[in-house]
Structure formats: structure tokens, C-alpha cells
Amino acid sequence: MGYYEVLSEVWAKSGRNGKPGESILVHTRKVITSLWGLAARHREYAEERIWSNLFWACFLHDFGKAAEPFQQSLRRLRPRWPHRHEVLSIPFVSRVVSPCTPDYRWILAAVASHHIKPKRLFSSKYYSLALDEMDFYNDLAASIPIERITALNEWMDEEWREWQLRFNEINISLYPPSPLSDWSFSGEAVYKGLKEYFLTYKTVNKKPADSEESRLGIIMRGALQFSDHLGSAGYEVGFLTLPDPGELREKALPEGANWHTHQEKCANINGNVVLAAPTGSGKTEAGFLWAFQQTRQRKGKGILVYLLPFQASMNAMKKRLTEILGVEVALLHSRALQALYRELTETGEKTAEAEKTAKHLNELGRLYRQPVWVASPYQLLKAAFKLPGYEILYTVLLGATIILDEVHAYEPDRLGMILELHKELIKNLGCRVMVMTATMPSWLRELWQNSLGAPLVLPDRELYKKEVRHRINILDGDLKSGKTLEIIHDFFSRGKSVLVAVNSIKAAQETYTELQKKYNKKDLVLLHGRLNVRDRLAREKELEDRVGFKNRGRPCIAIATQVVEVSLNLDFETIITEPAPLEALLQRFGRVNRRGKKGIVPVYILTRQSGDYDIYDRRLVKNTLEILIRNGGEIIAEDAVIDWLDWIYEQDGLKVEWLAKVEESRRNFRRYCLDTLRPFNEDKDLERDFERMFDGMDVLSSSLLEEYDRLAGQSLIEAHSLLVSINRRRFFAQQCRWDEKRKVWLTEARYDPLLGLL
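Residues numbered from 1 in each chain as written. Predicted model: local features only at pLDDT ≥ 70, side-chain atom pairs only at ≥ 80, totals over all residues. Heavy atoms only, no water.

(A) The pairing of strand 14 (residues 574-577), seen in detail. Here strand 14 shows a buried face lined by Thr 574 and Ile 576 and a second buried face lined by Ile 575 and Thr 577. Of the pairings in the sheet, the one linking strand 11 (residues 498-501) to strand 14 comprises 4 bridges and is parallel in character. Looking at strand 14, one finds that Ala 501 is bridged to Thr 577. Pairing of strand 14 with strand 15 (residues 601-606), which is carried by 3 bridges, proceeds in the parallel orientation. Along strand 15, the bridge assignment pairs Ile 576 with Tyr 604. Handedness of the crossover joining strand 14 and strand 15 through helix 26 (residues 582-589): right-handed. (Buried < 20%, exposed > 50% of the residue type's maximum accessible area, 1.4 Å probe, protein only. Helix = DSSP H or I, 4+ residues; strand = E, 2+ residues; numbered from the N terminus. Pairing = 2+ DSSP bridges. Right-handed = clockwise from strand over helix to strand, strands pointing away.)

Right under this line is the structure:
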């Protein structure tokens, strides 16, 4: 009987839905196909020998599944086998390379750790590694029938030749297995391999995190896990293709239009860059031009990662990238599944089909299959905080092209981590980074430039003059003052839409309730962070229909918190806003006269907010008001904004304090994360630190239980759209309780269809 007949009956995956299991032949070929795609996409950022070692790691990783007790477990003929199949794959590594060589140690470590980290493996029955337990290892080795060992070796000798032809296509040579006469399968081989793996693990953990040993260990484990997961799911790697400048012009610019000077500069830069340009000046297109230049000469294009701070921004950018680039785009954030589902239902897909497709697309993203990602920087920080799967994430970022947009949005503590992370990605993974923003003080631009070793690109001054759209008006008072209500009425009575921007959800709810006394409910739209997903998306769509670019429906008065600042393509006639830092105000102003086609329009800034709470640093708000009052009645010149920001942070020692916090954050992040970033070591303590960075908890109001159960019968995604995100302080204050049946947190706070969670 030939090896094919023998191994066709050796399963690597159990059967499902009445179908037989997947053979080791089929599964292994899928895994190596995934590895081939990974190598083709990232090959320039790892040496050829690494890819050859990875080929053999992928080939051998499941050989231990040939053990008869394991096969019986897969067929449900006996209880779960208590041994690790990886342990029985170990002796086959010495069939490929000589023991005690570096290649042997790295293949061994990848194979032995691809499911279980060393700490868990060596704290179990394999811990002692005592010679007097050789009977244990002999019995373990005897669990693989001799005819299967023979078949596996025959397959190895023949199959690698076919893969050699495939890997030659991407200029990677595979070394052959060693002669079979020099090899034997035994309990002693299992024992020696485990011992060598244990010593490798200990040695790597004594090396500096930035050592070549750490990098190799991470790539070996990460690439094997990536290939195994993707192959098991039945997918192949997606490849990056970007439109050249000519193609992009046709897709992104009006007919006859040309690139701005700053866009042309970005298109000709090789390496990192910092771009500071006003809203509406084509920063995103500049990013595409820059990205094309970074990948133009590469054989392995890597991936393109577009980073944004807010989920609403990410959802909008995912749609835009899909449309312009014409490639598969992964959406990576905590509510990606719901966002994908909503996008599909809006196109007319039925509930069941939309849920199925959304789950499929979300799974592809979680497997890192797509060549373009839209994510937040926190997605990349997962690797530094050593969350499960961090070696995979580290590996697929090899040679990545990264665009980091809206960098003004991060507080000093988080900005310090993001700065240091990107410095690390450039140094150790060969990544290239572009930082973009419309509002950034000069000293912060310099901080990014120095960290990335990047030039600064600015638009021509003529472009700044064209971007003049707003005139400053200071209103002495708060939202309840007569003058405020008078301005709202004046604009709305003339058929113009007004944005009322507030700093807190409570103020938004109170203002909405007060305006209801004077205006029809259809005239008002309330938008804030304590609306459930369903209602928030519905309100955002209503605003886009009424004050968007494509549609201009019935005018409205929108009352919104900071959520209006991000990626909603709205175009109000004016705004009345509570005081806030200048960066936040400029983002709010960006929703008014967005394309400058209304001439110069007034924007109104109140001197007081409703309620005594600290959403922002009071010094920043005070200094912002002072500079705006000083320029009251003046047109906002985009090129003057940088000088205003510099002045604001120079007062009260804010710049010094801010920079000190950034540097402290960088030092701590490097000390506790980057300097401990070694393979095989997920860290529960760091994982908890990572989770503490996120203040939101999803809860369901008990007043919606009946509706939740009804929707859950149709679609669980639809039911989860009733959940609301609240901060941890509110979560504990409301004494939320866990509902074991529904697997959700419940709050007794009432949910009002108009006002949101009260």
C-alpha cells in the first residue's frame, strides 16, 4: 500500500455535519499554500532560509496526529486523548535538519508551540524530562503505527519536490530532507527533542527582546500559526494591488483636475513622512499616492494599514477604500461585525444572507487574510501587549505600509505608546509610516518627525487661502441664553440647518428636551454616545440624508456631542458650540460649509458650558477661548491655526507638561512591553493593562428585553444592535448584572427611543 492510501485515512481535522474528516494530506497542503502566500506577500522582510525552515515546520506540524489514539478521538471512538500531538511531531524535525543546529531549534520550536505555549506544555506531564521515565516516551512513540511512520517519510521525500517548483516562482529555494538511513523514530527522539525545545525556550527568554533570536522565534511561531489558521479555514492569502497615480486620478478627482503640490510631493517620497494639511485638501488621496510609491519597487507588497482613532471614522474609511482601491478591505474593531452587517443590509441584502456574509467577512479580518486593513492603533498595540496571537500579528506586519490619520485625537499617555510602537515597527519590521493630520501644533509635528526620521510636507499657502470658510463669533453665555436660542431660530426659520455641539450627553439630552417645546420632533435630531447601535446608525443616516453632500433634505437642528466630529460628511449652515480645546472645535467646524461653497459662514462659540464637569483640560479650554476672543469677528485662516495651537500650549506650562507625559508613556511602554516582547509568552498581566485602556462596557437596558428576545430569534447581530456602550464608572454605579441566558450585561436604566439611555 502506497503512502497516499495510508495517509488518506489519517485525519488532521474531525468530520462535521455527517462528512468525513479532512486528511493530513489535504490539510497540510492548505497550510503550505497559505505559507506560500505569506512568503510571496512578505518575502523581502525575512531571509530565504527562514521561509525554507517555515516550509518544513508547516509540513511537519501535524505529523503527530498519526497516533492511533488521536485518530480514534477524532472519530469519536474514544474519549479525548490526553497527550499533545505536537510532541509526537518532534522526532520528524531531525529527519529534515541535524539536531542541535539553529535551523533544527527554530523548526522544533515552531512545531512544538503552534497550539500550546511552552509554559503550559512543560507544566504538564512532559515537565520532568527525566531519563528514568523513558518507558513513558517509548509508549508515547509506539502510538504511531510503523506503517504510518513509513508513509509519512515517503510522502516527505516526494512532496517537497513539487513544492520546490512552487516556491521557485517567488525565488525561494527549499532544502531537501536528510537521508532516511540517518534517522529513526523512537521514544528517545521524543525525549531529546523536548529537551532541546525546553533549552531553546529558556535561551530565547534570556536574550534581549530586540535580538535576532527573539525576532526569529516570533516569526517562526507567528507564520506557522497564521498558515495553520488560514489553511484550516480554507482561505488563501490576499495580495495588495494599489492604483497608480493615473488610475487614482480617474477614480478620485473631478475630470480635468490635477494633484495639489503636497499630494505630488507625497507621491515621490520613499520612506516615512509627516503630512499636515487642512480638511478637504485631499490628505487621504495623498496617502494613497505615498503608499503606491512605497510598494512600487517591491516584489512582496506586504499589506496597507489605515489607522484611525474612532469606529465611525473606520466604518466610513472602509467603504471609501473598497470603492477607490477596488480590493478586499478588513475592518478591525470591536464592533466590526455589526458595522459590516449594517453596510450589507443597507444595500438591500436580506437579514439571513447579510448575517452570513458579515460573519464571513469578519472572520477573514480576524485571520488577517485581506491585504488592506482599516483599524485603530490599538489593533497594532495588541502585539506589544502580548495578547494571544501576538506573534501572528507581528509577522503579518512585516514590511507593512502604514497610514496613521487624525493623530491629534490621542491623549499624551496613548500618544506616547503609539509613537514608540511605530518607531519599533520601522526599526524591526521594515514598516513605512505616514502620519497625517489637519490640526497639530508645530512642536508635535517635530516630535513625530524626529521619532520617525521623516520629512514634513505642507500644502502651498495658496491652498490655505482657498480653504477659508468660517468666521469666528463669540457668544457670552451658555446653551440656555436667549441669544443662543435666537440664533438657532433665525437660521432654522430661513430654511438652514444648524448644528448644536455640546460636551456631555446630559447636556445633549437636556437641550433636546428643551428644544422640543418649540420645535416639531421632525425638526430635531439627537446624536450622542449613549444611543444603541441601531438608533445611532439610523440618526447618522438621517443626518446624511438631510445635510449630507449627495442629498439635501428637510433642514434640521442637530444636537450632538463629540461623536459628530468624526467622519460624518455633513454640511451645516452654521454651528453653535460649547467651549472646547481648539483641535476639537476645528473638527466641529469641519461639519459646517464643509466644501467652502457657501462663502464665509459664521461659527458661534459659547463662553460657558451647561453643567460643571471636566470633559477636557480646563486650561486648554480657557486658552482656546482667549485666542478666539482675541480674534473674534475674524475669518479663520487655516495657516494661522498652527500659531494659535502653539500659543495655547505655551501657556500654563501645558507644552512642557504634555511632552513630559508623552515621554514618560514612551519609556514605560518600552520598558514593560517592547523590552519584554519575546516569542511564546502571552502575558495575562499586560493583557489586563491593555483592557483597562478601554472605558466602554456594552449593556442592555432591561426595558428592551422583550424586543431583544424577539430580534434574537431572527438575528443575534440585530439583537446586539440594542446594546449601549457606557463607561466603567457608570457601569459600576448602576450595578449592572450579568444575564447568563442572553450572555449580556443588564442595566435597570431606562432606554428612551428619542433620548437614549437615561
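(B) Molecular detail of the state of the cysteines. As enumerated under the stated definition, the model contains 0 disulfides in all. The structure places no disulfide on Cys 431, whose sulfur is separated from the nearest cysteine sulfur, that of Cys 673, by 17 Å. (Disulfide = S-S within 2.5 Å.)

(C) Inspection of the nonpolar core at higher detail. In terms of nonpolar packing, the biggest core is built from 199 residues, with Leu 7, Phe 55, Phe 167, Trp 373, Phe 385, Leu 397 and Trp 448 touching the most fellow members. Apart from the residues lying within four places of it in its own chain, the contact partners of Phe 55 are Ile 32, Leu 35, Trp 160, Trp 163, Phe 167 and Leu 174. In terms of nonpolar packing, the next biggest core, distinct from the first, is built from 42 residues, Cys 266, Ala 291, Val 329 and Ile 717 among them. (Core = buried A, V, L, I, M, F, W, Y, C linked by side-chain atoms within 4.5 Å. Contact = heavy atoms within 4.5 Å.)

(D) Spatial organisation of unusual backbone geometry. Of note, the phi angle at Lys 386 is positive, near 55°, even though the residue is not glycine. Positionally, Lys 386 belongs in the loop between helix 18 (377-384) and helix 19 (390-396). Of note in the backbone geometry, Phe 680 takes a positive phi value of approximately 70° without being a glycine. Following the sequence through the fold, Phe 680 ends up in the loop between helix 29 (654-672) and helix 30 (684-692). Exposure remark for Phe 680: the relative accessible area of 1% places this residue in the buried category.

(E) Molecular detail of the environment of Asn 450. Inspection of the secondary structure puts Asn 450 in helix 21 (residues 442-452). The class for Asn 450 is exposed, based on a relative accessible area of 64%. Sequence separation between Asn 450 and Arg 320 is 130 residues, and the spatial gap between their C-alpha atoms is 31 Å.

(F) Region of interest: helix 3 (residues 48-60). With 13 residues, helix 3 should reach 18 Å at 1.5 Å per residue; the first-to-last C-alpha distance of 19 Å fits that figure. Counting buried positions along helix 3 yields 11 of 13 residues, so the element is predominantly enclosed. Of the positions making up helix 3, those classed as buried are Ile 50, Trp 51, Ser 52, Asn 53, Leu 54, Phe 55, Trp 56, Ala 57, Cys 58, Phe 59 and Leu 60. The elements touched by buried residues of helix 3 are helix 2 (24-42), helix 5 (85-89), helix 6 (102-113), helix 9 (146-168) and helix 11 (212-233). (Expected span 1.5 Å × (residues − 1).)

(G) Representation of the pattern of salt bridges within the structure. Scanning the entire structure with this criterion turns up 49 salt bridges. Between Asp 617 and Arg 619 there is a salt bridge, and its shortest N-O distance comes to 2.9 Å. By relative accessible area, Asp 617 is classed as partly exposed at 30%. A network of salt bridges, in which partner residues are shared, links Glu 420, Glu 424, Glu 663, Arg 666, Arg 670 and Asp 675. (Salt bridge = Lys/Arg side-chain N within 4 Å of Asp/Glu carboxyl O.)

(H) Structural detail: empty space enclosed by the protein. Scanning the entire structure with this criterion turns up 3 cavities of 30 Å³ or more. Taken as a whole, the largest cavity holds about 100 Å³ of empty space. Lining the largest cavity we find Pro 278, Thr 279, Ala 438, Thr 439, Arg 469, His 470, Leu 586, Phe 589, Gly 590, Ile 636 and Glu 638. Here the residues of the lining of the largest cavity are counted per class, giving 5 nonpolar, 4 polar and 2 charged. Approximately 80 Å³ is the volume attributed to the second largest cavity. The greatest single-element share of the lining of the second largest cavity, amounting to 3 residues, is contributed by helix 28 (residues 638-650). Residues that form the lining of the second largest cavity fall into these classes: 8 nonpolar, 1 polar and 2 charged. (1 Å grid on protein atoms, 1.4 Å probe; cavity = no way out; pocket = protein on both sides within 12 Å on 5 of 7 lines; lining within 4 Å. Points joined across faces, edges and corners; volume = space filled by probe spheres on them. Nonpolar A, V, L, I, M, F, W, Y, C, P; charged D, E, K, R; others polar.)

(I) Inspection of the sheet that holds strand 6 (residues 372-375) at higher detail. Strand order in the open sheet formed by 7 strands is 5-6-4-7-8-3-9, and the pairing between neighbours is parallel. Pairing within the sheet leaves two strands with one partner each, and these edge strands are strand 5 (329-332) and strand 9 (456-457). Alignment of strand 7 (residues 401-404) against strand 8 (residues 432-437), held across 4 bridges, turns out to be parallel. Each bridged residue has a counterpart across the sheet, and for Ile 403 the counterpart in strand 8 is Met 434. Its contacts with the sheet place helix 18 against strand 4 (304-307), strand 5, strand 6 and strand 7, and it is angled at close to 100° to strand 6. (Axes fitted to C-alpha atoms, helices over the stretch in contact; angles between N-to-C directions.)

(J) Broad picture of the sheet that holds strand 19 (residues 744-747). Ordered in space as 17-16-19-18, the 4 strands form an open sheet in which the pairing is mixed. Sheet topology places strand 17 (724-727) and strand 18 (737-739) at the edges, where each strand pairs with a single neighbour. Sheet twist, expressed as the mean angle between neighbouring strand axes with direction ignored, is 55°.

(K) A look at the packing of aromatic side chains. Counting across every chain of the model gives 29 aromatic pairs. Between Phe 63 and Phe 92, the aromatic rings sit 5.0 Å apart at their centres with planes inclined by 80°, giving edge-to-face as the arrangement. Taken together, the residues span a long stretch of sequence, with Phe 63 in the loop between helix 3 and helix 4 (68-74) and Phe 92 in the loop between helix 5 and helix 6 at a distance of 29 residues. We classify Phe 63 as buried; its relative accessible area is 0%. Residue class for Phe 92 comes out buried when judged on its relative accessible area of 0%. A network of ring pairs unites the aromatic residues Phe 55, Trp 56, Phe 59, Phe 63, Phe 92, Trp 155, Trp 163, Phe 167, Trp 183 and Phe 185 as a single cluster. (Phe/Tyr/Trp six-rings, centres within 6.5 Å; stacked < 30°, edge-to-face > 60°.)

(L) Highlighting the packing of helix 21 against helix 29. Between helix 21 and helix 29, the least distance of the axes is 12 Å, while the angle of their chain directions is 25°. Relative to helix 29, helix 21 is oriented roughly parallel. For the pair helix 21 and helix 29, the crossing hand works out as right-handed. Between helix 21, through Trp 443, Leu 444, Leu 447 and Ser 451, and helix 29, the contact on the second element is made entirely by Lys 655, Trp 658, Leu 659, Val 662, Glu 663 and Arg 666. (Parallel < 35°, antiparallel > 145°, perpendicular 65-115°, else oblique. Left-handed = near helix turned anticlockwise from the far one by under 90°.)

(M) Inspection of the environment of Leu 331 at higher detail. For Leu 331, the location among the structural elements is in strand 5. Linking Leu 331 and Gln 311, residues 20 residues apart in sequence, is a C-alpha distance of 9.6 Å. What Leu 331 contacts, discounting residues up to four positions off in sequence, is Met 314, Asn 315, Lys 318, Ala 336, Ala 339, Leu 340 and Val 374.

Shape descriptors only; they carry no functional weight alone.
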